[in-house]
Amino acid sequence: MTAANDRRPATILAQALGWIDEATGGLAPGIQPSSTFLRDADNQYRRGFSYGRDSNPTYLQAEAVLAALEGGAGALLFASGMAAATAVFQSLRPGDHVLAPVTMYWGLRKWLADEARRWGLAVDFVPNGDLAALEGALLPGKTRLVWLETPANPTWDIADIAASARLAHEAGAMLAVDNTVPTPLLTRPLELGADLVMHAATKYLNGHSDLIAGVLVTARHDAAWQRIAATRHDGGAILGSFEAWLLLRGLRTLAVRLDRQCATAQHLAERFSGHPGVVRVLYPGLASHPRHAVARAQMQGGFGGMLSLRVAGGERAAIALAARLAVWKRATSLGGVESLVEHRASIEGPGTPCPTDLLRLSVGLEAPEDLQADLEQALAAL
Ligand SMILES: *Cc1c(COP(=O)(O)O)cnc(C)c1O
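Before we go on, may I ask you to explain the pairing of strand E3 (residues 122-126) in this structure?
Relative to E3, strand E2 (residues 97-101) runs parallel, the two sharing five bridges. Across the sheet, the residue bridging to Ala 100 is Phe 125, located in E3. After leaving E2, the chain enters helix H4 (residues 106-118) and then returns to the sheet as E3, a path that is right-handed.

Rendered as structure tokens:
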């Protein structure tokens, strides 16, 4: 018999590793909200729990599922994706050098450019997926961390994780990958050589737009991971018990949700490529994507549920197109069951590398025909 965490991802997800509640036999876990736990008479904490900021029984199953999916040695839940990502950088020392892509999740890019620098990290941004630029920007002995996001928000540029890991390691740096968009079902960065994986669990992992959460998964229980765990514990950016339970519930349907989202996104990307109202469709599953071959090699089972349209007629036409959509909802975020559209440049503001004619689409679970027809009527009306 195979161990539960060696089974295929869809099985791990549907059964949440097959854990059964010991006290009741429940297939669904209980929620343990206690902030404090009883000491044994001899002053020990043999059951492993002392205080809610140290560890929380409701976390254990969700963290075990996420570690198994990513093929990691351990996982830590955080209060948000940003809390998870910033814990990685806060575990470094002032003066350490880090590299991140030019195009990436805007909130983290802004935090790196402002807060991380104020705090003493030396931060440089490198063009996405450009291995020669990455090699040139690495400072051996000084660069501690390389951050990747692939496919990268909101242009869906692709970076070669295995090649980036080799370059980072040669320079003595760790590689961390924001795997929010592909999820471990499409890409497993640790198997490609990454040291850390981060997710905004807010997005696909939970998948129902009703929770903010983050997670880090590590390849090894090493000193760097201990410092990250201390950052969560001491800084206190922990997830609530109810949210951890909700995340575990959302995870159980991830495999079917993502399959459908990938299929619909691929269909829409092909359908609107060459449409007279669209200058370009940005999607790694299109043969016309500049790094389609790299995406094919490191993504399995699809190219994700996110695509962007560069709209003919520029910024005003893009905003007018979003206004005419009825099925697609104008809202930020991604990875939920409902399809969302967003003009990213106006939310990111000055300094954004995002083209002003770009609309970001997060494909949900609606009938693909309705999503397509809605885009067609809005484009025809322009
Ligand atoms: C949403 C998101 C984040 C931040 O997550 P929060 O839960 O909103 O803090 C980071 N990276 C990516 C790719 C995201 O989509």
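How should the confidence of the model for the protein be read in this particular structure?
A low pLDDT score tells you not to read the predicted coordinates there in detail. Of all residues in the protein, 99% have pLDDT values of 70 or greater, and the mean over the chain is 97. In the model of the protein, helix H13 (residues 344-348) stands out as the element of lowest mean pLDDT, 95, in contrast to strand E6 (residues 196-200), which has the highest, 99.

Sorry if this is basic, but what is going on with the pairing of strand E9 (residues 306-311) here?
Regular strands place side chains that alternate from one sheet face to the opposite one. Most of E9 is tucked away: five of the six residues are buried. Where strand E8 (residues 278-282) and E9 come together, four bridges link them in antiparallel fashion. Opposite Leu 282, over in E9, you have Ser 308 as the bridge partner. Sheet topology places E9 next to strand E12 (residues 358-362); five bridges connect them, and they run antiparallel. Pairing of Arg 310 across the sheet is with Leu 358, part of E12.

What am I meant to see in unusual backbone geometry here?
Most of the time, phi is negative for any residue but glycine, and the peptide bond is trans. In the segment running from Thr 150 into Pro 151, the intervening peptide bond is cis, with an omega of -10°. One can find Pro 151 in the loop between strand E4 (143-149) and helix H6 (161-170). A positive phi is found at Ser 333, a non-glycine position, where the angle reads about 80°. Turning to its location among the elements, Ser 333 is positioned in the loop between strand E10 (329-330) and strand E11 (340-343).

Criteria and thresholds
Residues numbered from 1 in each chain as written. Predicted model: local features only at pLDDT ≥ 70, side-chain atom pairs only at ≥ 80, totals over all residues. Heavy atoms only, no water. Pairing = 2+ DSSP bridges. Helix = DSSP H or I, 4+ residues; strand = E, 2+ residues; numbered from the N terminus. Right-handed = clockwise from strand over helix to strand, strands pointing away. pLDDT = per-residue confidence, 0-100. Buried < 20%, exposed > 50% of the residue type's maximum accessible area, 1.4 Å probe, protein only.

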